[in-house]
Amino acid sequence: MLFRSAFVALGQTGEAVDSYKKALERERQRPSYRTTAWSEFVLLVADRRLESDFDEALRVLGENQSGLIFPKLMFAWHGAYALIQAQMGHRQGAKEHAVKALEAAQMGHSGFRRHPKIGLVGSEHDGIRKKLRHLARGSLWETLISGK
C-alpha cells in the first residue's frame, strides 16, 4: 500500500489509480486476501474528481457495502459515495451520505473492547472532511457544479 501512497504524494495519480485497480483485481481473484485498497481507491477517485473512474469506484463501493466494521471504512464508503453523487448531480443522496460519513468521522471508539482506537478516522482525511461538511450544508454544491 505504501507505494500507492507514494504515487499520490508524487503527483502521479494515474499510476496510483492503476496500482489500486491491480490490487482490487488481485483481491477479486483471491477473496481471502483483503486490504484497504478499496477504501483508498474510492476516496482518491472521489476527492480528485476522476470522472473517468467514477463507474469503477461505484462498482467497488457496491462490492464493499457490507462489512463496514470500522469507522474509517464507514467514512470512506459514505464519503466517496457522497462526493461522487454530488459530482453526478444527485444533490440529496450526496448530502445524506456526507452526513453519514461525518458521523463516522466523529466516532471516538471503534466498538471493539480490546482495541477501542483501531480503525478511527485520522487527520489525514481533514481535507475530505472539510468538503463533506460543506456538502452536508449544501455550500459545496455550487462549487462542484461550477467547477471552480
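Keep in mind it's a predicted model, so treat the numbers as computed, not measured. (Residues numbered from 1 in each chain as written. Predicted model: local features only at pLDDT ≥ 70, side-chain atom pairs only at ≥ 80, totals over all residues. Heavy atoms only, no water.)

Draft legend 1. Summary view of the confidence of the model for the protein. In the predicted model, the protein carries a mean pLDDT of 90, and the fraction of residues at 70 or more is 91%. When mean pLDDT is taken per element in the protein, helix 4 (residues 54-63) scores highest with 98 and helix 8 (residues 139-146) scores lowest with 57. (pLDDT = per-residue confidence, 0-100. Helix = DSSP H or I, 4+ residues; strand = E, 2+ residues; numbered from the N terminus.)

Draft legend 2. Molecular detail of the packing of helix 6 (residues 91-106) against helix 7 (residues 126-137). In the contact formed by helix 6 and helix 7, the axes pass within 8 Å of each other and the chain directions differ by 135°. Judged by the angle between their axes, helix 6 and helix 7 are oblique. The element helix 6 and its partner helix 7 pack so that their crossing is left-handed. Across the interface between the two elements, A94, K95, A98, V99, A101, L102 and A105 from helix 6 touch R129, L132, R133, L135 and A136 from helix 7. Within the contact of helix 6 with helix 7, the residues separate by chemical class into nine nonpolar, no polar and three charged. (Axes fitted to C-alpha atoms, helices over the stretch in contact; angles between N-to-C directions. Parallel < 35°, antiparallel > 145°, perpendicular 65-115°, else oblique. Left-handed = near helix turned anticlockwise from the far one by under 90°. Contact = heavy atoms within 4.5 Å. Nonpolar A, V, L, I, M, F, W, Y, C, P; charged D, E, K, R; others polar.)

Draft legend 3. Seen up close, a nonpolar patch on the surface. Where nonpolar side chains cluster on the molecular surface, the patch consists of I69, F112 and I118 and spans about 250 Å² of accessible area. By the element assignment, I118 lies in the loop between helix 6 and helix 7. (Patch = residues over 30% accessible without salt bridge, like charges linked within 9 Å, V, L, I, M, F, W, Y side chains within 5 Å. Areas by Shrake-Rupley, 256 points an atom, 1.4 Å probe, with all protein chains shown as cover. Salt bridge = Lys/Arg side-chain N within 4 Å of Asp/Glu carboxyl O.)

Draft legend 4. Examining the packing of helix 3 (residues 37-47) against helix 5 (residues 71-87) more closely. At their nearest, the axes of helix 3 and helix 5 sit 9 Å apart, and the two run at 30° to each other. By the angle between their directions, the pair helix 3 and helix 5 is classed as roughly parallel. Both helix 3 and helix 5 take part in a crossing whose hand is left-handed. Residues W38, S39, V42, L43, A46 and D47 of helix 3 pack against L73, A76, W77, A80, L83 and I84 of helix 5.

Draft legend 5. Region of the structure containing the layout of surface pockets. In this structure, the largest pocket occupies an estimated 480 Å³ of space. Forming the boundary of the largest pocket are 21 residues, of which Y20, E40, L43, E124 and H125 lie nearest the centre. Among the secondary structure elements, those contributing two or more residues to the lining of the largest pocket are helix 1 (2-9), helix 3, helix 5 and helix 7. For the lining of the largest pocket, the class distribution of residues is nine nonpolar, six polar and six charged. (1 Å grid on protein atoms, 1.4 Å probe; cavity = no way out; pocket = protein on both sides within 12 Å on 5 of 7 lines; lining within 4 Å. Points joined across faces, edges and corners; volume = space filled by probe spheres on them.)

Draft legend 6. Here's a closer look at the pattern of salt bridges. For the structure shown, the criterion picks out 10 salt bridges. With a closest N to O distance of 3.1 Å, E124 and K72 form a salt bridge. Placement of E124 in the loop between helix 6 and helix 7 and of K72 in helix 5 is noted, with a sequence separation of 52 residues between them. Judged by its relative accessible area of 33%, K72 falls in the partly exposed class. A salt bridge links D126 to R129; its shortest N-O distance comes to 3.3 Å. Residue D126 and its partner R129 are both found in helix 7; the two are separated by three residues, about one turn of the helix. (Buried < 20%, exposed > 50% of the residue type's maximum accessible area, 1.4 Å probe, protein only.)

Draft legend 7. Region of interest: the packing of aromatic side chains. Within the structure shown, the criterion is met by three aromatic pairs. Between Y20 and F41, the aromatic rings sit 6.4 Å apart at their centres with planes inclined by 55°, giving tilted as the arrangement. Here Y20 is found in helix 2 (residues 13-29), whereas its partner F41 is found in helix 3, with 21 residues between them in sequence. Note on accessibility: Y20 and F41 belong to one class, buried. Between F70 and F112, the ring centres sit 5.5 Å apart and the planes meet at 40°, which makes this aromatic pair tilted. (Phe/Tyr/Trp six-rings, centres within 6.5 Å; stacked < 30°, edge-to-face > 60°.)

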